[in-house]
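# Report on the structure
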Amino acid sequence: MNSKKTCLRIAANAAATILACLAVAGAAAAQEIKARTMKFAFSLAADHPLGQGAQKFADLVAEKSGGKMKVSIYANAVLGGDPQNLSAVRGGTLDFTSMATGLLAGIDKRFMVFDLPFLFNDAREAYAVSDGPVAQRLLNGLSDHGLIGLGIWGLGFRNMTNSKRPIAQAQDLQGLKMRVIAAPVYIDMFKTLGANPVPMTFGEVYGALESKAIDGQDNPVGVILSAKFAEVQKYLSLTRHIYTGMPFLMSRKTWDSMSDAERKIILEAAAEAKAEERRISQAKEAVAIDDLRKVMQVNTLTPEAVERLRGAVKPVVDKFAGEIGPDVMQQVTAELAALRAKN
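Below you will find a few notes about this structure. (Residues numbered from 1 in each chain as written. Predicted model: local features only at pLDDT ≥ 70, side-chain atom pairs only at ≥ 80, totals over all residues. Heavy atoms only, no water.)

Within the protein, the regular secondary structure consists of 13 helices and 11 strands. With the C-alpha coordinates aligned to their principal axes, the bounding extent of the protein is approximately 95 × 45 × 40 Å. When the accessible surface of the protein is split by element, carbon and sulfur atoms take 56% of a total near 15200 Å². (Helix = DSSP H or I, 4+ residues; strand = E, 2+ residues; numbered from the N terminus. Areas by Shrake-Rupley, 256 points an atom, 1.4 Å probe, with all protein chains shown as cover.)

Written out as structure tokens, the structure reads:
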């Protein structure tokens, strides 16, 4: 009996020691997580899938940090347009932002690969490349520019709206004043198709459409719906000409100020929020088209028309492929070929 009691006492002491160690470890981890409030600003509406993804990120950060770390959301460009947000994140006065891959071309031309016209056939391909080795290499390189790349969220495939006529072929774009992202690929693509591209920040687009300063613009249907462009546009043409990824960016200054425990929370929350944002975006696309059909004249391009547009913009693809670099182009081409071989 005595030996049995001794064994039980030893086991109890061991359990108590383990519990004590766990408590110390837990307390140490808690001390590594400081109370802080961070800002996440972007140009889109709060009810857009990206806005919902941002809120999911904020909720996850709060949950995983036990309420110590908070993220405040600033939608609708209330703190400035994309150029201002990018500058603020690089400077450390803003903690997070998200914007189109094309807008990062001024920092690293290789990001233009994601904006090449008709590169991706569907969202599955776009997501795979956005999560693949090329994308990770480019995101890692942003640290040299004051940024931490936390993944690429999805805005979706872009479509064209305008107030003049349906767009079914390149000739329909002749002379139209089309707002474009201030990125070289977009400007050259619309010029090649015969339009007059007008670079403009997103926050200015509705007013310019309303005043007829421009005739049209291009965006994924979710953005067209949430931005209420149907109020000032008559025609929606489902061209799906460019897929727009949205890199989720963090200030390196904020990142460098964090402990390993805090960084782990940010990385986990960013990965989970990206998956949720993509899920919402995919679910809403078909619904958004149905809603827009009620208030706009909607036309879908035939496969033959898409191929003709693809051929028309090939000089643009070839030009920017040279600027992007053969290594990135070859790797993206290889990734897409491997994906398509599985079908």
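Additional details are given in the paragraphs that follow.
Moving on, we get to the packing of aromatic side chains. For any two aromatic rings, the description comes down to two numbers: the centre-to-centre distance and the angle of the planes. Applying the stated criterion across every chain, the model contains 14 aromatic pairs. On the numbers, 6.2 Å between centres and 85 degrees between planes, the contact of phenylalanine 40 with phenylalanine 57 is edge-to-face. Separated by 17 residues along the polypeptide, phenylalanine 40 in strand β1 (residues 36–41) and phenylalanine 57 in helix α2 (residues 49–64) bring together distant segments of the chain. Look at phenylalanine 40 and you get buried, because its relative accessible area is 0%. Residue phenylalanine 57 is classed as buried on the basis of its relative accessible area, which comes to 0%. Put simply, the rings of Phe40, Phe42, Phe57, Phe96, Trp153 and Phe248 pair up and form one aromatic cluster. The ring of phenylalanine 157 carries arginine 240 above its face, with NZ or CZ at 4.2 Å from the centroid. (Phe/Tyr/Trp six-rings, centres within 6.5 Å; stacked < 30°, edge-to-face > 60°. Buried < 20%, exposed > 50% of the residue type's maximum accessible area, 1.4 Å probe, protein only. Lys NZ or Arg CZ within 6 Å of the ring centre and 35° of its normal.)

Here we take up unusual backbone geometry. Phi angles above zero are rare outside glycine, and phenylalanine 118 is one such case at about 55 degrees. Here phenylalanine 118 shows up in the loop between β3 (96–98) and α4 (123–130). The phi angle at lysine 212 is positive, at roughly 70 degrees, despite the residue not being glycine. Along the chain, lysine 212 falls in the loop between α7 (205–210) and β8 (216–219).

Turning our attention to the sheet that holds strand β4 (residues 147–157). Strand pairs in the sheet, formed through backbone hydrogen bonds, run parallel or antiparallel to each other. Strands sit in the order β2-β1-β3-β10-β4 across an open sheet of 5 strands; the sheet is mixed. This sheet does not close on itself; its edge strands, each paired only once, are β2 (69–74) and β4. Mean inter-strand twist for the sheet, computed between neighbouring axes without regard to direction, equals 20 degrees. Where β3 and strand β10 (residues 243–251) come together, 3 bridges link them in antiparallel fashion. Residue pairing in the sheet places threonine 97 in a bridge with leucine 249 of β10. Running at roughly 165 degrees to β2, α2 makes contact with β1, β2, β3, β4 and β10 of the sheet. Along the sheet face, helix α10 (residues 260–293) touches β1, β2, β3, β4 and β10 and points at about 5 degrees away from the line of β4. (Pairing = 2+ DSSP bridges. Axes fitted to C-alpha atoms, helices over the stretch in contact; angles between N-to-C directions. Contact = heavy atoms within 4.5 Å.)

Bringing the environment of threonine 239 into the picture now. Along the chain, threonine 239 turns up in the loop between β9 (235–238) and β10. The exposure class of threonine 239 is buried, given its relative accessible area of 2%. Excluding its chain neighbours within four sequence positions, the residues that come into contact with threonine 239 are Phe118, Arg158, Asn159, Met160 and Leu301. Separated by 2.7 Å, the side chains of threonine 239 and histidine 241 make a polar contact. (Polar contact = N/O pair within 3.5 Å; in protein donor to acceptor, adjacent residues only side chain to side chain.)

Right, let's get into the pattern of salt bridges. Taken as a whole and assessed by the stated rule, the structure comprises 18 salt bridges. One salt bridge connects lysine 109 with glutamate 323, and the closest N-O pair in it is separated by 3.4 Å. On the criterion of sequence distance, the pair formed by lysine 109 in the loop between β3 and α4 and glutamate 323 in helix α12 (residues 314–324) is long-range, its members being 214 residues apart. Overall, the relative accessible area of 45% leaves lysine 109 in the partly exposed class. Across the pair aspartate 327 and arginine 137 runs a salt bridge whose closest N-O atoms are separated by 3.5 Å. Highlighted residues: aspartate 327 in helix α13 (residues 326–341) and arginine 137 in helix α5 (residues 133–141), separated in sequence by 190 residues. A single network of salt bridges, built from pairs that share partners, joins Lys64, Lys264, Glu268 and Glu272. (Salt bridge = Lys/Arg side-chain N within 4 Å of Asp/Glu carboxyl O.)

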